[in-house]
Amino acid sequence: MREVTSERTAHPVLIFWILAGWVGFLLLPWYGIEDGFFSFGWLLDGYPTDTDYAPAAFLVAQGEKTWLAPLLLPLLAPLLVLRRRKTDPAYAKILIAAGAVGFAWLIAQGFGIGIRGWNFAWLETAFGPLGDRQFGMGYGAMLLASSFLFLFAQGIAARGAINGDVFVVSAVSGIIVIVTVFVFFPIAKLMLAAFITEEGGYSLLVFAAKFTDSRIWSLSCVTGPGRCGAAWNSLFLAVIVGALTTILGLVFALVATRSGFRYKRALRALTVLPIITPPFVIGLAIILLFGLSGSVTGFFSDLFGIRPTRWIYGMPGVMIAQVLAYTPIAFLVLIGVVEGVSPSMEEAAQTLRASRWQVFRTVSLPLMRPGLANAFLLGFIESMADFGNPLVLGGNYDVLSTEIFFAIVGAQYDQSRAAVLAIVLLSFTLGAFYAQRRWLGKKSYTTVSGKGDSGVHPEMPAGLSVPVYTIAAAWAAFTIVIYGMIVYGSFVELWGVRDTLTFKHYLTAFSMRLEDGGIRWTGSAWDSFFTTIKIATIAAPLTAAAGLTTAYLLTRQNFVGRNAFEFGTMLSFAIPGTVIGVSYILAFNVPPIELTGTGVILVISFIFRNMPVGVRAGIASMSQLDKSLDESSLTLGANSWQTFRLVILPLLRPAILAALVYSFVRAMTAISAVIFLVSAEYNMATSYIIGRVENNDYGLAIAYSTTLILVMLTAVGLLQVAVGKTRIGRRTGQRTGQASGD
Amino acid sequence: MADTRIHSKAASVSFQGVSKVYGKDVLAVDDVSLDIEPGTLVTLLGPSGCGKTTTLRMIAGLEMATKGKILIGGKDVTSLPATDRDVSMVFQSYALFPHMTVMENVSYGLKFSGFDKSETRDRAMAGLDLVGLGGFGARLPSELSGGQQQRVAVARALVLEPQVLLFDEPLSNLDAKLRRQVREEIREIQQNLGLTVVYVTHDQEEALAVSDRIVVMRNAGIAQVGTPRELFDAPADRFVADFIGEANLLDCAIETVEGDMAQINLSGYRHQLDARGMSPGPATVAIRPSRLRLTPGADGDGIAAQIEKATYVGSRMEYIVAAEFGQVFAVSDNVDAPLSPGDAVRLSFDARGPVLLPAG
């Protein structure tokens, strides 16, 4: 007879979270520690009585921070349910009440009391001045908050939510809370910041004044010689880049799937490029080619006596760089779509006497529409969010992302202007995101049902193939030249001035010395390089875990608000990195969550920037796993956590690896959010390179970029090897099909 | 049968007014009450969409009843999730875990049942022996044939000694020859161990072959429950008669009832059969294709009719016969002297076989 868990008392998960709560309250330092928790210096420095390091219990016992004392109540209450059964109504009631009250009190005191005492004037008038203050929450507070959250989750699970499944309820509430804290909360803060006056009050007028600024919305470049506003510039650029990348992506996708081209595999290697290339590297290569002392510029001035100009700095340069950088992304999207059009549809059209051109125009192309929309949206958002290329190549062509940066770090230091600009940027991307969802909405264009389509895609019509081949060849050649330039440029002493080959840049960046039996990393780039590797290594598994758990909940579980949940987790995809950067600065610079200047904030920003990719990868592979696998595991007595761990996860190994490597690599190439969040202690490779570029130290910047590309190429290569090996176990679908057919 | 340590803990299953509603208003199962005796094999039979799979999944705990009570072994399990029910299921797709060996698959459920390592191993081995796959423990599911995979799925469910064992269309992925063999194996194991088995299928022949009792379902409800013989010989209504054995349903009139025998009139053709409590008036007579007799020639007893279509299917002839009241489907074992389309025949009923049903 199977043991029925709902009739057991003393549930291990419950005991775990109650204990965790007590550890957070009694043992761990309540507030954040300046030198970092993991230095453990605090253990020897007056712990547990020193108020900087003391756990909450010691603080309260010493008569400090007395507002923490009420937390004892919700901490004690769950002890009452330990001997009760899950089916006992009091069990659920006590846990829900304790979790909710505890969590709410934690939040209330966190926001109510800040560095200067009461955070709100009305609190001061109500309770009188407070002689005390508090800093950002530390691990003690975090653990206690988690404890309350998961006790609450167990309470509602016991009441029967989602079949009373503790694991699923906990996972859903955990993800809702972290997405709220690290996506919605910062965005809300950002919105508020747009209304803050210089005196610290709130005013609609400030927002109106900053919002209608002519530097954002001016159209004078259309009518005369003036400069247009950053918003129009960004929008114009993004639309052009979106359209061009979509067209070029489609061209490459057609060559790869609908032609007799022999080196299709090499073409597919193109898709790896954007993943491993820091976005601004293309901009650097463009400067090497078309800049004042660029090779092409030099060639033309020698040959035709054309005076070198700075034409590339501005809209043309940024556009070329972005189209180069994002075409492979469109290709990546469209290759799946072009292949996804069921061959039998096209064959059916052919047998109905349509010519190849008519088939393409009337069947293939319409079926690719959602893919084209997707590719455009991606190009649009990437261009809007791109920070590196406009910074390197923008010249006088102001775009929103760089304007935001200068508003925050420049001499003007104007947070509310940054917030207003960020809101404009966010509205553009969310608008595009929304429009795309509306447009594709309920239409289903999925034509491949999984198996059994044995048709062959027809080749492109002849009239189409000539231009397609020409464009593809030209663009591929251009891309090769660009990447050649990057590698070659890293060995040139001073581009356009002293063209001698040298290892100088590599030596400056990555030299090391053997000294006293140890290695001394003397190169200037090592610090940021190690930090980057470290941060990326920490962020990758967390990103993959969050993404795959979310994917599991979305594909395998049904719960109230599932659609809103999906929208919330995918939203951070449409939020440009620049906006994330600004909003994190605004939200996490002050208690209760104080993270700026730490490595943690970088890790967190990467998790939420890259999580949607993990979710997508997870959803894609999980929808290929038959649901009966989960169900049979459940009927065999495993609970949903055991099922997730023993059945789903092992079968998802390719998706896990992909998510891991992708988030690792993205963490190394990201710049737009990172540039706001780095600090002297935690400098990242990309922001270091941008710093070199700003000092006109192109050689070092390019040498460092080349190194990064090589490192990431290795990472992606290892992935290919690893994924190739895990294919063995996934044949049941096909095998049962065969076996039943013989 | 190998020396086995697998025993049965067969329990009864009882549905009391159970309904299942999906979303707001999709009624998948409507107020079903049902009792399944311990140690019997009961089939849920019906066309697709009739609610049979939902019913099965509610026994497993994979779907939760919206209304009503479910009891297993006399104990209320209505709100227990699948994990906590003592029920195992064999899935249509087998749902073998592709990343685990056969042995690991069969041991999977035992791991969660508190057995120690050697006991888990012994039980899993016994399970594999029972289905005749003793030497296959180290293989991956993908290295087995469809029939072997099916048996692994059965072993995996059996070793837990569940109170109830569920089968969801277990034969639908097998070819016709294997189907007969596997279905007999399932029946044999069920009878030898005395298991309670609930079995879902849409194939009436399969249901007739394996079941102790059959539950015919239609439109989210139960149409009739009975032994295979009862359903075949005494269907409750036109739906059951049509679904089991493709009976010809013909309108007729009951002329007289004497005792429990009735005389019916079908376009002038008269026949005596069990009245089944009906009184004179319009009615339906259900008659299986094999119970129709075709006599060549335009004269003689019976109804005048004409062969419309003749199909040779190897072991017998299939005929569509046109009569005054419409078409009927008949089969004949006489393949040596087949009739041809256009031939005139006299149509008559076998003495046993025709069943009276209420007029539809």
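What you are looking at is a predicted structure, and each value in this text was computed from that prediction instead of being measured.

Regarding the interface of chain A and chain B
Argument step 1. Chain A puts 33 residues into the contact, and the matching count from chain B is 40 residues.
Argument step 2. Where chain A abuts chain B, roughly 3200 Å² becomes buried across the two surfaces, and 59% of that area is made up of carbon and sulfur atoms.
Argument step 3. Counting every contact that joins chain A to chain B gives one salt bridge.
Argument step 4. For the salt bridge of Arg 57 of chain B with Glu 631 of chain A, the shortest nitrogen-to-oxygen distance reads 2.5 Å.

Some thoughts on the nonpolar core
All names here are of chain A.
Argument step 1. Ile 286 and Ile 482 are the most contacted members of the largest nonpolar core, which totals 257 residues.
Argument step 2. Ile 482 has contacts with Ile 282, Ala 285, Ile 286, Leu 289 and Leu 324, leaving out every residue within four places of it along the chain.
Argument step 3. Membership of the second largest hydrophobic core comes to 31 residues, among which are Trp 30, Tyr 31, Ile 94 and Phe 150.

Details of helix H1 (residues 12–26) of chain A
Residue and element names in this part refer to chain A.
Argument step 1. Over its 15 residues, H1 extends 21 Å from the first C-alpha to the last, a length consistent with the 21 Å expected when each residue adds 1.5 Å.
Argument step 2. Within the sequence span of H1, burial applies to Leu 14, Trp 17, Ile 18, Ala 20, Gly 21, Trp 22, Gly 24 and Phe 25.
Argument step 3. If you follow the buried residues of H1, they end up packed against helix H2 (56–61), helix H3 (72–76), helix H4 (89–112) and helix H6 (139–158).

Focus: the domain arrangement of chain A
Argument step 1. Per the domain assignment, the segments making up chain A are domain 1 (2–159) and domain 2 (214–275 + 311–476).
Argument step 2. Just the C-alpha atoms count here: the centres of domain 1 of chain A and domain 2 of chain A sit 48 Å apart.

A word on the packing of aromatic side chains
Argument step 1. The tally for this structure, following the rule as stated, stands at 40 aromatic pairs over all chains.
Argument step 2. Judged by centre distance (5.6 Å) and plane angle (75 degrees), the rings of Phe 111 of chain A and Phe 185 of chain A are edge-to-face. Placement of the pair is Phe 111 of chain A in helix H4 and Phe 185 of chain A in helix H7 (residues 166–193), with a sequence separation of 74 residues.
Argument step 3. Each ring, one from Tyr 108 of chain B and one from Phe 112 of chain B, has its centre 5.1 Å from the other, and the planes form 75 degrees; the classification is edge-to-face.
Argument step 4. Cluster of aromatic residues (ring-pair linked, three or more members): Phe 510, Trp 521, Trp 526, Phe 529, Phe 530, Tyr 688 and Tyr 704 of chain A.
Argument step 5. Here the basic side chain of Arg 692 of chain A rests over the ring of Tyr 688 of chain A, its NZ or CZ set 5.7 Å away from the ring centre.
Argument step 6. Lying over the aromatic face of Phe 97 of chain B, Arg 156 of chain B brings its terminal NZ or CZ to 4.8 Å of the ring centre.

Points about the confidence of the model for chain B
Argument step 1. For chain B, per-residue confidence averages 89 on the pLDDT scale, and residues scoring 70 or more make up 99% of the total.
Argument step 2. Taken together, the chains of this predicted complex give a pTM of 0.80 and an interface ipTM of 0.80.

Describing the pattern of salt bridges
Argument step 1. Under the defined criterion, the tally for this structure stands at 19 salt bridges over all chains.
Argument step 2. Taking the shortest distance from any N to any O, the salt bridge between Asp 630 of chain A and Arg 556 of chain A comes out at 2.7 Å. A residue pair is termed long-range when its members are at least 10 positions apart, and Asp 630 of chain A in helix H29 (residues 627–635) and Arg 556 of chain A in helix H25 (residues 526–556) qualify at 74 residues. Assigned by exposure class, Asp 630 of chain A and Arg 556 of chain A land together as buried.
Argument step 3. Note that Asp 212 of chain B is salt-bridged to Arg 187 of chain B, the shortest N-O span being 2.9 Å. Placement of Asp 212 of chain B in the loop between helix H6 (204–210) and strand S9 (213–218) and of Arg 187 of chain B in helix H5 (residues 176–193) is noted, with a sequence separation of 25 residues between them.
Argument step 4. The exposure class of Asp 212 of chain B is partly exposed, given its relative accessible area of 25%.
Argument step 5. Relative accessible area serves as the criterion here: at 15%, Arg 187 of chain B is assigned to the buried category.
Argument step 6. What you see here is one network of salt bridges that share partners, running through Glu 631 of chain A together with Lys 20, Arg 57 and Glu 63 of chain B.

Rules and cut-offs
- Residues numbered from 1 in each chain as written.
- Chains lettered and ligands numbered in written order.
- Predicted model: local features only at pLDDT ≥ 70, side-chain atom pairs only at ≥ 80, totals over all residues.
- Heavy atoms only, no water.
- Contact = heavy atoms within 4.5 Å.
- Buried area = accessible area lost by both parts, 1.4 Å probe.
- Salt bridge = Lys/Arg side-chain N within 4 Å of Asp/Glu carboxyl O.
- Core = buried A, V, L, I, M, F, W, Y, C linked by side-chain atoms within 4.5 Å.
- Buried < 20%, exposed > 50% of the residue type's maximum accessible area, 1.4 Å probe, protein only.
- Helix = DSSP H or I, 4+ residues; strand = E, 2+ residues; numbered from the N terminus.
- Expected span 1.5 Å × (residues − 1).
- Domains from an automatic or database assignment.
- Phe/Tyr/Trp six-rings, centres within 6.5 Å; stacked < 30°, edge-to-face > 60°.
- Lys NZ or Arg CZ within 6 Å of the ring centre and 35° of its normal.
- pLDDT = per-residue confidence, 0-100.

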